[in-house]
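# Observations on chain architecture
One letter stands for each residue in the lines below.
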Amino acid sequence: MILVGVLVVICLTLLLVGFVAPRFSHRPQNGLDRKLSEAYRKAAGHHGLLGTMGKGSARTSRKAVDKSTGAGRAARRKSE
């Protein structure tokens, strides 16, 4: 439950960064992508249900981070 809350806060922060400073939002997004890719690779090492659930959550988190940052940039483009 706490992990979901942290992910929501991160996504909202990146949404705001993508809107306020679209050029500078790439570095935090890439940093989080690297960390989530590392989590995906570690989860892939586990067998069975644990590995499947770990890979799925890491993949979903990465998609959410990318979508929120992209949405901030798109909103910025529309507002200009």
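Just above, that's the structure.
Residues numbered from 1 in each chain as written. Predicted model: local features only at pLDDT ≥ 70, side-chain atom pairs only at ≥ 80, totals over all residues. Heavy atoms only, no water.

## With respect to the overall build of the protein chain
- When its secondary structure is counted, the protein chain shows three helices and zero strands.
- Each helix (α) and strand (β) of the protein chain, taken in turn from the N terminus, gives the series α-α-α.
- Counting only C-alpha atoms, the protein chain reaches 50 × 25 × 15 Å along its principal axes.
- Considering only contacts within the protein chain whose residues lie at least 6 apart along the sequence, 71% involve residues at least 24 apart.
- Carbon and sulfur atoms make up 66% of the accessible area of the protein chain, which amounts to about 5,900 Å² in all.
- Averaging the coordinates of the 15 positive side-chain charges in the protein chain and doing the same for the 4 negative ones gives two points 2 Å apart. (Helix = DSSP H or I, 4+ residues; strand = E, 2+ residues; numbered from the N terminus. Contact = heavy atoms within 4.5 Å. Areas by Shrake-Rupley, 256 points an atom, 1.4 Å probe, with all protein chains shown as cover. Lys, Arg positive; Asp, Glu negative; His and termini not counted. Charge placed at Lys NZ, Arg CZ, Asp CG, Glu CD.)

## Some remarks on the packing of helix α1 (residues 2-20) against helix α3 (residues 48-79)
- As a packed pair, α1 and α3 sit with axes 7 Å apart at the nearest point and diverge in direction by 30°. Here α1 is positioned roughly parallel relative to α3, judged by the angle of their axes. Crossing angle aside, the handedness with which α1 passes α3 is right-handed. Along its contact with α1, which presents Leu 7, Ile 10, Cys 11, Leu 14, Leu 15, Gly 18, Phe 19 and Val 20, the element α3 presents Ser 61, Ala 64, Val 65, Ser 68, Thr 69, Ala 71, Gly 72, Arg 73, Ala 75, Arg 76 and Ser 79.
- Split into classes, the residues belonging to the contact of α1 with α3 amount to 11 nonpolar, six polar and two charged. (Axes fitted to C-alpha atoms, helices over the stretch in contact; angles between N-to-C directions. Parallel < 35°, antiparallel > 145°, perpendicular 65-115°, else oblique. Left-handed = near helix turned anticlockwise from the far one by under 90°. Nonpolar A, V, L, I, M, F, W, Y, C, P; charged D, E, K, R; others polar.)

## Overview of the layout of surface pockets
- Here the largest pocket defines a volume of roughly 270 Å³.
- Leu 3, Val 4, Val 6, Leu 7, Ile 10, Leu 32, Leu 36, Ala 39, Ser 57, Ala 58, Ser 61 and Val 65 are the residues that line the largest pocket.
- Looking at the lining of the largest pocket, the elements that each hand over two or more residues are α1, α2 (26-44) and α3.
- Of the residues assigned to the lining of the largest pocket, the class counts are 10 nonpolar, two polar and no charged. (1 Å grid on protein atoms, 1.4 Å probe; cavity = no way out; pocket = protein on both sides within 12 Å on 5 of 7 lines; lining within 4 Å. Points joined across faces, edges and corners; volume = space filled by probe spheres on them.)

## Considering the packing of α2 against α3
- Put simply, α2 and α3 touch, their axes get as near as 8 Å, and they point 170° apart. It follows that α2 is roughly antiparallel to α3 by the angle criterion. In this structure, α2 contributes His 26, Gln 29, Leu 32, Asp 33, Leu 36, Ser 37, Ala 39, Tyr 40, Ala 43 and Ala 44 to the contact, and α3 contributes Gly 51, Gly 54, Lys 55, Ala 58, Arg 59, Ser 61, Arg 62, Val 65, Asp 66, Thr 69 and Arg 73.
- For the contact of α2 with α3, the class distribution of residues is eight nonpolar, seven polar and six charged.

## Considerations on α2
- Over its 19 residues, α2 extends 26 Å from the first C-alpha to the last, a length consistent with the 27 Å expected when each residue adds 1.5 Å.
- Turning to α2, its buried residues are Gln 29, Asp 33, Leu 36, Ser 37 and Ala 43. One side of α2 holds all its buried residues, which, seen down the axis, span an arc of 120°. In α2, the exposed residues that point more than 90 degrees away from the buried face are Arg 27, Arg 34, Lys 35, Arg 41 and Lys 42. (Expected span 1.5 Å × (residues − 1). Buried < 20%, exposed > 50% of the residue type's maximum accessible area, 1.4 Å probe, protein only. Arc of directions from axis to C-beta.)

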